[in-house]
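# Architecture and fold: a report
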Amino acid sequence: MGFVSLGLAIVLELLGTTFLKYTLGFTKLSPSLVVVAAYTGAFYFLSRSLQFIDLNIAYATWAGIGVVAAAIISMLVFHESINAIGAVGMALVVSGVVLLNLYGPSH
């Protein structure tokens, strides 16, 4: 149940982050409402996941997947680019999340 809630939190956070671009500085109502609703849901499901998963694991997973997925979304949806150093940085983020999940304090 904890990782299901965490997955929902990640999906909603990515939805909110993607729609931030469409708000044009919160000057557009509809995408702004999507952002507020998505982030509200993301924090709700993150808090639910913390009933089953340690904070350090949950937050690292949420943030790590969010960073990498947001970069991928920015490339696919908004045609933004990333350089080799950025790709290495994303690989390091993923490595850190995997190591924390495998060997973190709760193991």
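A brief report on the enclosed structure follows. (Residues numbered from 1 in each chain as written. Predicted model: local features only at pLDDT ≥ 70, side-chain atom pairs only at ≥ 80, totals over all residues. Heavy atoms only, no water.)

### Some details on the overall build of the protein
Along its length, the protein carries 4 helices and 0 strands. For the protein, the N- to C-terminal ordering of α and β elements is α-α-α-α. Counting every position in the protein, which comprises 107 residues, the buried fraction comes to 31%. A sequence separation of at least 24 residues applies to 63% of the contacts in the protein between residues at least 6 apart. (Helix = DSSP H or I, 4+ residues; strand = E, 2+ residues; numbered from the N terminus. Buried < 20%, exposed > 50% of the residue type's maximum accessible area, 1.4 Å probe, protein only. Contact = heavy atoms within 4.5 Å.)

### Topic: the nonpolar core
Grouped burial of nonpolar side chains is what soluble globular proteins tend to show. Core analysis: the biggest nonpolar cluster contains 11 residues, these being L6, A9, I10, L14, A42, L46, I53, I57, A58, W62 and A69. Broken down by secondary-structure element, the contributors of at least two residues to this core are α1 (2-23), α2 (29-49) and α3 (55-77). (Core = buried A, V, L, I, M, F, W, Y, C linked by side-chain atoms within 4.5 Å.)

### Section: the environment of L50
Checked against the element boundaries, L50 lands in the loop between α2 and α3. Relative accessible area serves as the criterion here: at 35%, L50 is assigned to the partly exposed category. Taking the C-alpha atoms as reference points, L50 and V36, separated by 14 residues in sequence, lie 21 Å from one another. In contact with L50, not counting residues within four places along its chain, are L55 and A58.

### Description of the packing of aromatic side chains
What describes a pair of aromatic rings is the distance from one ring centre to the other and the angle between the planes of the rings. The full count for this structure, using the stated rule, is 5 aromatic pairs. When the centroid spacing of 5.1 Å and the interplanar angle of 75° are considered together, the rings of Y44 and F45 count as edge-to-face. Residue classification places F45 among the partly exposed positions, given a relative accessible area of 24%. The interplanar angle of 70° and the centroid separation of 5.5 Å between the aromatic rings of Y59 and W62 together place this pair among those described as edge-to-face. Of the two residues, Y59 and W62 both sit in helix α3, 3 residues apart, roughly one turn of that helix. We classify Y59 as partly exposed; its relative accessible area is 45%. One aromatic cluster is present, built from ring pairs that chain together F19, Y22 and F78. If you follow K21 out to its NZ or CZ, it ends over the ring of F78, 5.4 Å from the centre. (Phe/Tyr/Trp six-rings, centres within 6.5 Å; stacked < 30°, edge-to-face > 60°. Lys NZ or Arg CZ within 6 Å of the ring centre and 35° of its normal.)

### Some details on the side chain of S32
When you line up the elements, S32 lands in helix α2. Beyond its immediate chain neighbours, meaning those up to four positions away, S32 contacts T23, F26 and T27.

### Some details on the packing of α2 against α3
Two elements in contact, α2 and α3, have axes whose closest approach is 10 Å; the angle formed by their N-to-C orientations is 145°. Between α2 and α3 the crossing geometry is right-handed. Facing α2, whose interface residues are A42, F43, L46 and S49, α3 presents A58, Y59 and W62. Among the residues making up the contact of α2 with α3, the classes are represented as 6 nonpolar, 1 polar and no charged. (Axes fitted to C-alpha atoms, helices over the stretch in contact; angles between N-to-C directions. Left-handed = near helix turned anticlockwise from the far one by under 90°. Nonpolar A, V, L, I, M, F, W, Y, C, P; charged D, E, K, R; others polar.)

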